Amino acid sequence: MQEHVKVKRNILLNPGPATTTDTVKMAQVVPDICPREKAFADMMKVMREDFVRIVHGDPGRYTSVLFCGSGTINMDVCLNSLLPEGRKVLVINNGAYSSRAVQICAYYGLPFIDLQFPEDEQPDIEEIERTLREHPEIALVYTTHNETGTGLLNPIREIGALVHRYGAVFAVDTTSTYAMRPIDMEADHIDFCMASAQKGLMAMTGLSFVIGDRALIEKSAQYPRRSYYCNLYLQYHFFETTGEMHFTPPVQTIYAARQALDEYFAEGEEAKWQRHLRVFEAIHAGLARLGFQDMIRRELQAGLVVAVKYPDDENWDFERVHDYCYERGFTIYPGKAAVQNTFRLCALGAITERDIEDFFVVLEEALRTCGVQIPVRYEG
Ligand SMILES: *Cc1c(COP(=O)(O)O)cnc(C)c1O
């Protein structure tokens, strides 16, 4: 069957869902199965272990818990499930995704500190330390690895070391680095991290997972229960006792994720990261040739997302440029910076530097069609 189906290949330069291989797409086409069958539970058991393996977690100490939903479900789960009674969450906030974490805290009425930093800078470690020292009631510290809205990399290893020195639990949103930029649970001092199948794994949307310290999950059984569907311990406990997801899993998405995991291990952690970096470099080379400027200093970028400043040209029209590229199979994406107009080009997915070269031919045509001057201009 597979050889009869030809699916158009689009190059997604948005920050996920990412371009997938045909083999991952086709892995969704399987005989109908009830997910309560043992064969399905067996597949999820190995998958849970593989998710931990990607971040080099000791399988005795760490586990992964699967949820049916987009990546935000992980943030919701970690924040609402891991806070003991009478304690506080510290959110290190320097971008749109950390701000989402703050919103989640507010929606649950959790006690929290929103420690804000500029969105184009790494957070001030000394200020984080001062906050931890002055607030011994902080039990959970939350940060974002790669602030996907801007592409800024946060120094999680340094922050994590500090968090552990002050006896708190460290949860990191690794949704836009996992299975791309190498992560090591212990070396990075991570207690909990999270990701979704549609980003680094280059699979389908609908499957998200939290990776974390088993002992801490078990301890959280004693914490206030603030959600039913999104409680970490409840889902963990169901997996441990039955091998199944508590409620209906995204069956076909899980088959695709299985295939994507096989392809991940076949490509290899380092080779895959180097490929993403080559794509990232090709994006920078193309942007530089056209005169575009980055929003974030190059040395602070995580290697996966480039936030590009809108040029100062009256003919620049993001929507028109987007549509021109989209019609030719390339998707570019608006920015998510608070203070500046940007668009984003991302190095996720099953793409290579060759695809980026093809993209820049189209982007240049789009600019010419719109009458944007090349190289693009900036005032000041
Ligand atoms: C993509 C992403 C998420 C999840 O977003 P959804 O739209 O819910 O999939 C969360 N955090 C980060 C850093 C992300 O890049």
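For the structure itself, look to the data block above.
This write-up is about the structure you can find in this document.

Parameters and conventions
Residues numbered from 1 in each chain as written. Predicted model: local features only at pLDDT ≥ 70, side-chain atom pairs only at ≥ 80, totals over all residues. Heavy atoms only, no water. Helix = DSSP H or I, 4+ residues; strand = E, 2+ residues; numbered from the N terminus. Rg over C-alpha atoms; globule rule 2.2 N^0.38 Å. Buried < 20%, exposed > 50% of the residue type's maximum accessible area, 1.4 Å probe, protein only. Contact = heavy atoms within 4.5 Å. Areas by Shrake-Rupley, 256 points an atom, 1.4 Å probe, with all protein chains shown as cover. Lys, Arg positive; Asp, Glu negative; His and termini not counted. Charge placed at Lys NZ, Arg CZ, Asp CG, Glu CD. Near = heavy atom within 4 Å. Polar contact = N/O pair within 3.5 Å; in protein donor to acceptor, adjacent residues only side chain to side chain. Expected span 1.5 Å × (residues − 1). Phe/Tyr/Trp six-rings, centres within 6.5 Å; stacked < 30°, edge-to-face > 60°. Lys NZ or Arg CZ within 6 Å of the ring centre and 35° of its normal. Pairing = 2+ DSSP bridges. Axes fitted to C-alpha atoms, helices over the stretch in contact; angles between N-to-C directions. Core = buried A, V, L, I, M, F, W, Y, C linked by side-chain atoms within 4.5 Å. Right-handed = clockwise from strand over helix to strand, strands pointing away. Salt bridge = Lys/Arg side-chain N within 4 Å of Asp/Glu carboxyl O.

## As for the overall build of the chain
1) Next: A count of helical and extended segments in the chain gives 12 helices and 14 strands.
2) Next: The globule rule puts the C-alpha radius of gyration for 380 residues at 21 Å, and the 21 Å found for the chain is close to it.
3) Next: Seen through its principal axes, the chain has C-alpha atoms that stretch 60 × 60 × 35 Å.
4) Next: The proportion of buried residues among the 380 residues of the chain is 57%.
5) Next: Expressed as a percentage of contacts within the chain between residues at least 6 apart in sequence, the contacts between residues at least 24 apart total 73%.
6) Next: A total of about 15800 Å² of accessible surface is found on the chain, and carbon and sulfur atoms cover 50% of it.
7) Next: The distance from the centre of the 38 positive side-chain charges to the centre of the 53 negative ones in the chain is 2 Å.

## Some words on the environment of proline 31
1) Next: On the secondary structure map, proline 31 appears in the loop between helix H1 (22-26) and helix H2 (38-54).
2) Next: Overall, proline 31 belongs to the exposed group, its relative accessible area being 67%.
3) Next: For the pair proline 31 and tyrosine 255, spaced 224 residues apart in sequence, the C-alpha separation works out to 11 Å.

## Structural notes on the site of the ligand
1) Next: Around the ligand, the surrounding shell holds 14 residues, and the nearest of these are Ser70, Thr72, Thr148, Asp173 and Lys199.
2) Next: Contact distances for the ligand include 2.5 Å between an oxygen atom and a side-chain N or O atom of serine 70.
3) Next: One of the side-chain nitrogen or oxygen atoms of lysine 199 is found 2.7 Å away from an oxygen atom of the ligand.
4) Next: Its free accessible area being 380 Å², the ligand has 87% of it covered by the protein chains.

## Notes on H2
1) Next: With 17 residues, H2 ought to run about 24 Å at 1.5 Å a step, and its terminal C-alpha atoms sit 25 Å apart, in line with that.
2) Next: What H2 keeps buried is the set Phe40, Ala41, Met43, Met44, Met47, Arg48, Asp50, Phe51, Val52 and Ile54.
3) Next: The secondary structure elements touched by the buried residues of H2 are strand E2 (62-68), strand E10 (207-213), helix H8 (232-242), helix H9 (251-267) and helix H10 (269-290).
4) Next: Backbone geometry just after H2 places histidine 56 at a positive phi near 60°.

## Thoughts on the packing of aromatic side chains
1) Next: Tallied over the entire structure, the rule returns 15 aromatic pairs.
2) Next: Arranged with centres 5.5 Å apart and planes meeting at 15°, the rings of tyrosine 229 and phenylalanine 247 form a pair that is stacked. Within this pair, whereas tyrosine 229 is found in the loop between helix H7 (214-219) and H8, its partner phenylalanine 247 is found in the loop between H8 and H9, the two being separated by 18 residues in sequence.
3) Next: By relative accessible area, which is 42% here, tyrosine 229 ends up partly exposed.
4) Next: Aromatic ring contacts, followed pair by pair, group Phe292, Tyr310, Trp316, Phe318 and Phe343 into a single cluster.
5) Next: Between the NZ or CZ atom of arginine 328 and the centre of the ring of tyrosine 324, over which it lies, the distance is 3.6 Å.

## With respect to the sheet that holds strand E9 (residues 192-196)
1) Next: Pairing is mixed in the open sheet, where seven strands are placed in the order E2-E10-E9-E8-E5-E3-E4. The open sheet has two free edges, formed respectively by E2 and strand E4 (112-116), since each of these has just one partner strand. Ignoring which end each strand starts from, the neighbouring axes of this sheet average 20° apart.
2) Next: For strand E3 (residues 88-93) and strand E5 (residues 138-144), the ladder comprises four bridges, and the chain directions are parallel. Following the sheet pairing, leucine 90 is matched in E5 by valine 141.
3) Next: Here helix H4 (residues 96-108) sits on the sheet and contacts E3, E4, E5 and strand E8 (169-173); the angle it forms with E3, its principal contact strand, is near 155°.

## Side note on the nonpolar core
1) Next: If you look at the biggest cluster of nonpolar residues, it comprises 80 residues, and the most contacted ones within it are Phe51, Tyr178 and Phe192.
2) Next: It is H9 that provides the largest number of residues to this core, a total of eight residues.
3) Next: Core analysis: the next-biggest nonpolar cluster, separate from the first, contains 33 residues, Ile283, Phe318, Val321 and Ala366 among them.

## What about the pairing of E3?
1) Next: Here E3 lies mainly inside the structure; five of its six residues are buried.
2) Next: Of the strand pairs in this sheet, E3 and E4 are connected by five bridges, and their pairing is parallel. Along E4, the bridge assignment pairs valine 89 with phenylalanine 112.
3) Next: Each parallel crossover has a hand, and the one from E3 via H4 to E4 is right-handed.

## Looking at the pattern of salt bridges
1) Next: One pass over the full model with this rule turns up 25 salt bridges.
2) Next: In this structure, the salt-bridge partner of arginine 157 is aspartate 188, at a minimum N-O distance of 2.7 Å. With arginine 157 in helix H6 (residues 156-165) and aspartate 188 in the loop between E8 and E9, the pair connects residues that are 31 residues apart, well separated along the chain.
3) Next: Arginine 157 gets classed as partly exposed once you look at its relative accessible area, which sits at 46%.
4) Next: In this structure, arginine 328 engages glutamate 327 in a salt bridge whose closest nitrogen and oxygen atoms are separated by 3.7 Å.

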